[in-house]
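Spelled out, the chains give:
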Amino acid sequence: MEIIRKTAERSSGPYEYPLSSVSCSLCGTVLSFREGELSIDIDKYRRSFPVHLEVGENEFGMLILGTARRLAAEIDIPPIELEYTFGEADDIGFPKMYKAAKPLDTDKLRVTIWEREDFYVF
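Residues numbered from 1 in each chain as written. Predicted model: local features only at pLDDT ≥ 70, side-chain atom pairs only at ≥ 80, totals over all residues. Heavy atoms only, no water.

K.L.:
Can you explain the pairing of strand β10 (residues 95-101)? Please cite residues and give values.
P.N.:
Consecutive residues of a regular strand have side chains that alternate between opposite faces of the sheet. In terms of strand pairing, strand β9 (residues 82-89) meets β10 through six bridges, oriented antiparallel. When the bridges of β10 are listed, Y84 appears paired with K99. Where β9 folds back onto β10 in an antiparallel hairpin, the turn is made up of five residues, including G93, whose phi is positive at roughly 115 degrees. (Pairing = 2+ DSSP bridges. Helix = DSSP H or I, 4+ residues; strand = E, 2+ residues; numbered from the N terminus.)

K.L.:
Could you give an account of unusual backbone geometry, with specific residues and numbers?
P.N.:
Even without glycine at this site, R34 takes up a positive phi of about 50 degrees. For R34, the location among the structural elements is in the loop between β4 (30-33) and β5 (38-41). Of note in this structure, E35 is not a glycine but carries a positive phi near 50 degrees. Relative to the elements of secondary structure, E35 occurs in the loop between β4 and β5. A relative accessible area of 73% means that E35 is categorised as exposed. (Buried < 20%, exposed > 50% of the residue type's maximum accessible area, 1.4 Å probe, protein only.)

K.L.:
Any chance you could break down the pattern of salt bridges for me, citing the residues and the numbers?
P.N.:
The full count for this structure, using the stated rule, is six salt bridges. Two residues, E37 and R34, come together in a salt bridge whose shortest N-O distance is 3.3 Å. By relative accessible area, E37 is classed as partly exposed at 38%. On the basis of relative accessibility, which here comes to 24%, the residue R34 falls in the partly exposed class. The residue R34 makes a salt bridge to E57 at a minimum N-O spacing of 2.5 Å. In this pair, R34 is assigned in the loop between β4 and β5 and E57 in strand β6 (residues 51-57), connecting sequence segments 23 residues apart. Through salt bridges with shared partners, a single network forms among R34, E37, E57 and R70. (Salt bridge = Lys/Arg side-chain N within 4 Å of Asp/Glu carboxyl O.)

K.L.:
A description of the pairing of β6 should follow, citing residues and the corresponding values.
P.N.:
Burial runs high along β6: five of the seven residues are buried. Note that β6 and strand β8 (residues 70-77) share seven bridges and pair antiparallel. Each bridged residue has a counterpart across the sheet, and for V51 the counterpart in β8 is I77. Direction of pairing for β6 relative to strand β7 (residues 63-65): antiparallel, over a ladder of three bridges. Directly across from V55, in β7, lies its bridge partner L65. Linking two consecutive strands that pair antiparallel, namely β6 and β7, is a turn of five residues; a positive phi of about 85 degrees is found at G61 within it.

K.L.:
Break down the nonpolar core for me, citing the residues and quoting the values.
P.N.:
Counting residues in hydrophobic clusters, the biggest one holds 19 residues, and the most contacted among them are F33, I42, V55 and I75. When residues of this core are traced back to their parent elements, those giving at least two are β4, β5, β6, β8 and β11 (110-117). With four residues, the single largest contributor to this core is β8. The residues touching F33, leaving out its near neighbours within four places in the chain, are V22, S23, C24, L38, I40, V55, L63, A73, I75 and V111. (Core = buried A, V, L, I, M, F, W, Y, C linked by side-chain atoms within 4.5 Å. Contact = heavy atoms within 4.5 Å.)

See the structure below:
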């Protein structure tokens, strides 16, 4: 899994706020953010084309899958790779061909985590 950290544009002003970001971990095909606050089974989102998912943080600080008040992370899932195998011959004599999806190669999974200034306006 490739993790890329990017910094959002900092606001200009007299105050410097520390940068904060979400943590993520991968266990099998389950990607977890903030020690399980949001868990995504990457295998369920695989298609025959590349898939892009966004993880947002709403105004209450909770992580959601989709767009929200701020972008917390982006997930790029590689397409399904198929494996073809040949079986027994049919009645005419042609071999039967079977296709099966290869397991997810987590090395091709890319997660971009967006850091932001950690401040709250009351």
